[in-house]
Amino acid sequence: MAAEEDRHLPRHAPRELRGMIRPASQPFRVFEALMIAAAVAIITYFHYTTLHVEFMSHTSLHIILRRLYYIPIIYAAIRFGIRGGLLTSLAVTVLFVPHAASSMGGLFESGSIDNFFDIILYNVVAVTTGLVVESRRRQAQRYEEMLALNREIEDRESDLRRIKSYIESILKSVGNAVISVDDRGQIVTANPVASQMLGRPEEELVAFPLRQVFAGQDDLLRAADLVLSGGQTRVTLETELGPPDGRPISAAVRITPHRSNSSTVGIVISMEDLTEVKELTHQLLRADKLSGLGELVTGVAHEVRNPLGVIRASVQMMRDELGDNCPEQELCQVMLQEIDRLDAFVNTLLDFGRPSQSQMGPVDAERTLDEVILLTKQFAIQQQVNIRRSGSSHEHDIWANEDRVKQVFINLISNAIQAMPDGGDLEIALAADDGYLMISFADTGCGIPERIQARVFEPFVTARPNGSGLGLSIVHRIVDAHKGYIRVDSEAGRGTSITLGLPLAKKGEPMKEGMDG
Ligand SMILES: Nc1ncnc2c1ncn2[C@@H]1O[C@H](COP(=O)(O)OP(=O)(O)OP(=O)(O)O)[C@@H](O)[C@H]1O
Ligand SMILES: [Mg+2]
C-alpha cells in the first residue's frame, strides 16, 4: 500500500505528509475509538481508587493519573479532529467532575481549583490540537490535489511528446515534401524532403514567411492566400522550383486548409517531385518514336542506296567516256560529289535506324578521345577553334563499344566546331566519379537556339542549314545503350556545355555481345 502510494508521490514530497494523506481503514478507526474509550475508563478507574496513595514520597499518584487524561484526549484530537478530541475531553469532564466535586469539599474550593483548571484545559487542548490537526489535514489534501494535477499534466505532456514524435516520424518517412503554414503565412514545420526540394536546411524554412521562401512563385502564393482566406477548399497546381544551387525541379503542389473547430488556422502544402517521372515519360515517348522511325528510316535508306549505287556507277562511266576536254566533265564531277553527299547521309540514316549487335568491353576512353581529337584537328584549325583537353580518366576503362563511343565523340566535337564559325575554344574535361567517367565538352559557340533546346535529342531537329538533325539523336541512343547519361547546358550567344557520363568497367568483367543502339 505504502509502496503503491510512494509510486505516485514525487521524490520531494515531505515524508510527514504521507501518513496524513493516507486515510485509516474503517475497522482500524473503530479499534482506535475503542482504545481511547478504554484508556479513559482505565485512567478513571485508577484515578478514583488512588485518592490517598503516595508515590515516590512526595507526589501523589492520583495527580499523575489525572494528567494522564491528556494522552487519550490529544490522541483522539489527532486521529479524529476537533470532534473526536472534544468528545473525549467532554467524556473526561463528565467522569472527572463528580469525583472533583466530591473530593476535598467542592469543585471551586480553594484546594480544588487546579481540578477546575484541568477540566478547562482538557477541553482547550482538545480544541487546539483538533484545529491544528485539521488545518494540517486540509493542507495535506490540497497538496494531494496538487500532486494529482501535476501527475495529470506530466501524463498529458508525455502523451503530447509521443504524438509529436510519431507525427514527426511519419512526416520524415513520407516521400513528398510537407510544409505546414500558420494563419499569418509563416512556416511552422517542414520535413526533410521539403528541405531537399527547396535546397534550404530546415532552420531556413521554419519561422520564415512563405512569401520569402517561395519568392517568384506567384501562382503558388496566390493559391495559398486563397486557401488560407477560405475562398477555396483545396488547390492543386504544377510549378517549377529552382533551388539556388541545383537544377530546376518540376513539382505537383497540393494546398489544403488546416482546420481547427471549423475555422482555418493555417494551410498544409504538399509537393511531389515530378522531374524523374517527366524525364521517364519523355524518354519513353522518344524511345517509342525512335523505334518506329528507325524501321522507316532503314527501309527508305536501303531503297535509296541501291539506285544511288547504280546512278554513281553510270555517272562515273559517263565521265570516263566523255574524255578530259569535254565541258560536261565538270557537270559529272558535281553530280558525283552530290551523290557522295547523299550516300553519306544515307549511311548516317542507316546508322541511326540499325540496332547493332556489337561487342562491349573495357575501352580506354582517354585514348579514344585523343584519337578523335587528332582526327578532327584539321577541321578545328580551319575554323580557328582551339581544342584543349584537361583531366584524366585515371586509367579507368569504361564498359563500352569503342566504335560507338568514337561516333559519340565525333558528333559532339563536330557540333561544337560548327557552332564556332568565327573561331573559339573547346574545352574537353575528363573525370572519373562514382562509377562513371564524366566527359564534358564546353564550347564558346553560338549556343543551341532556345526554340530547339528541349528537342535536340529528337531526330531531324536541326538549326544548321546543311544539318540532318540526326547527330545528337544518335549520340543519345548510343549513350542510352551504354546505360550512361547525357546533360546539356546551353545559353544562346554564350556557349554550350554537354556532359556525358559513361559507366566504368568493373575489374574482370568479361567481353560480351549485345549492345543495341
Ligand atoms: N555545341 C553546339 N553548339 C550550338 N548548337 C548546337 C551544338 N550542338 C548541337 N547544336 C544544335 O543542335 C542541333 C542538332 O544537332 P545534331 O547534331 O543533332 O544535328 P545537326 O548537327 O544539325 O546535323 P547532323 O546530323 O549533321 O549532326 C544543331 O543543328 C545545332 O543547332
Ligand atoms: Mg551534328
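This write-up is about the structure you can find in this document. (Residues numbered from 1 in each chain as written. Chains lettered and ligands numbered in written order. Predicted model: local features only at pLDDT ≥ 70, side-chain atom pairs only at ≥ 80, totals over all residues. Heavy atoms only, no water.)

Take the environment of leucine 90 next. Here leucine 90 shows up in helix α5 (residues 70-102). According to the relative accessible area criterion, leucine 90 is partly exposed, its value standing at 45%. Distance from leucine 90 to asparagine 123, taken between C-alpha atoms, is 7.0 Å for residues 33 residues apart in sequence. (Helix = DSSP H or I, 4+ residues; strand = E, 2+ residues; numbered from the N terminus. Buried < 20%, exposed > 50% of the residue type's maximum accessible area, 1.4 Å probe, protein only.)

What follows is about the site of ligand 1. Around ligand 1 there are 20 residues in total, and Asn415, Thr462, Ala463, Ser468 and Leu472 lie nearest to it. In this structure, leucine 470 approaches ligand 1 through a main-chain N or O atom, which is 2.9 Å from an oxygen atom. Glycine 471 places a main-chain nitrogen or oxygen 3.0 Å from an oxygen atom of ligand 1. Across the complex, the protein chains shield 91% of the 580 Å² of accessible surface that ligand 1 would expose by itself. When each cavity is represented as a set of grid points, ligand 1 is found to reside in the second largest pocket. Of all elements in the fold, only α14 (402-418) and α16 (471-481) reach the threshold of two or more residues within the shell around ligand 1. Classifying every residue of the shell around ligand 1 by side-chain character gives 10 nonpolar, eight polar and two charged. (Near = heavy atom within 4 Å. Polar contact = N/O pair within 3.5 Å; in protein donor to acceptor, adjacent residues only side chain to side chain. Areas by Shrake-Rupley, 256 points an atom, 1.4 Å probe, with all protein chains shown as cover. 1 Å grid on protein atoms, 1.4 Å probe; cavity = no way out; pocket = protein on both sides within 12 Å on 5 of 7 lines; lining within 4 Å. Sits in = over half its atoms within 2 Å of the grid points. Nonpolar A, V, L, I, M, F, W, Y, C, P; charged D, E, K, R; others polar.)

What follows covers the side chain of serine 195. Within the secondary structure, serine 195 sits in helix α7 (residues 192-198). Relative accessible area serves as the criterion here: at 13%, serine 195 is assigned to the buried category. Excluding anything up to four places from it in sequence, serine 195 contacts Arg200, Pro201, Glu202 and Leu205. (Contact = heavy atoms within 4.5 Å.)

Another point: the nonpolar core. Soluble globular proteins: nonpolar side chains tend toward being buried together. Formed by 44 residues in total, the largest nonpolar core has its most connected members in Ile398, Phe409, Ile439, Phe441 and Leu500. Counting contributing residues per domain, this core is built from domain 3 (282-353) and domain 4 (358-515), each supplying no fewer than three. Not counting the four nearest positions on each side in its chain, leucine 500 is found in contact with Val408, Phe409, Leu412, Leu437, Met438, Ile439, Phe441, Val479, Tyr485 and Ile486. By size, the runner-up hydrophobic cluster in this structure holds 28 residues, among which are Leu210, Leu220, Val235 and Ile267. (Core = buried A, V, L, I, M, F, W, Y, C linked by side-chain atoms within 4.5 Å. Domains from an automatic or database assignment.)

Turning our attention to the sheet that holds strand β5 (residues 235-241). One open sheet accounts for five strands, arranged β4-β3-β7-β6-β5; its pairing is antiparallel. Each edge of the open sheet carries a strand with a single partner, namely β4 (187-190) and β5. Going from strand to strand, the sheet's axes swing by 25 degrees on average, the running direction of each strand aside. Inspection of the sheet shows β5 paired to strand β6 (residues 249-260) by seven bridges, in the antiparallel sense. Bridge pairing in β6 links threonine 239 to alanine 251. Of the strands in this sheet, β3 (177-182), β5, β6 and β7 (263-273) touch helix α9 (residues 218-228), which is tilted by about 15 degrees from β6. (Pairing = 2+ DSSP bridges. Axes fitted to C-alpha atoms, helices over the stretch in contact; angles between N-to-C directions.)

We now examine a nonpolar patch on the surface. Residues Ile163, Tyr166, Ile167 and Ile170 make up a contiguous nonpolar surface patch of about 400 Å² in total accessible area. Inspection of the secondary structure assignment puts isoleucine 170 in helix α6 (residues 113-173). Assessed through its relative accessible area of 38%, isoleucine 170 is described here as partly exposed. (Patch = residues over 30% accessible without salt bridge, like charges linked within 9 Å, V, L, I, M, F, W, Y side chains within 5 Å. Salt bridge = Lys/Arg side-chain N within 4 Å of Asp/Glu carboxyl O.)

Here we take up the layout of surface pockets. Considered as a void within the structure, the second largest pocket measures approximately 1,100 Å³ in volume. If you go around the second largest pocket, you meet 39 residues; those closest to its centre are Asn415, Gln418, Arg464, Gly467 and Gly471. Contributing elements (two or more residues each) for the lining of the second largest pocket: α11 (328-353), α14, β12 (436-443), α16 and β14 (495-503). Here the lining of the second largest pocket is composed, by residue class, of 20 nonpolar, 14 polar and five charged. (Points joined across faces, edges and corners; volume = space filled by probe spheres on them.)

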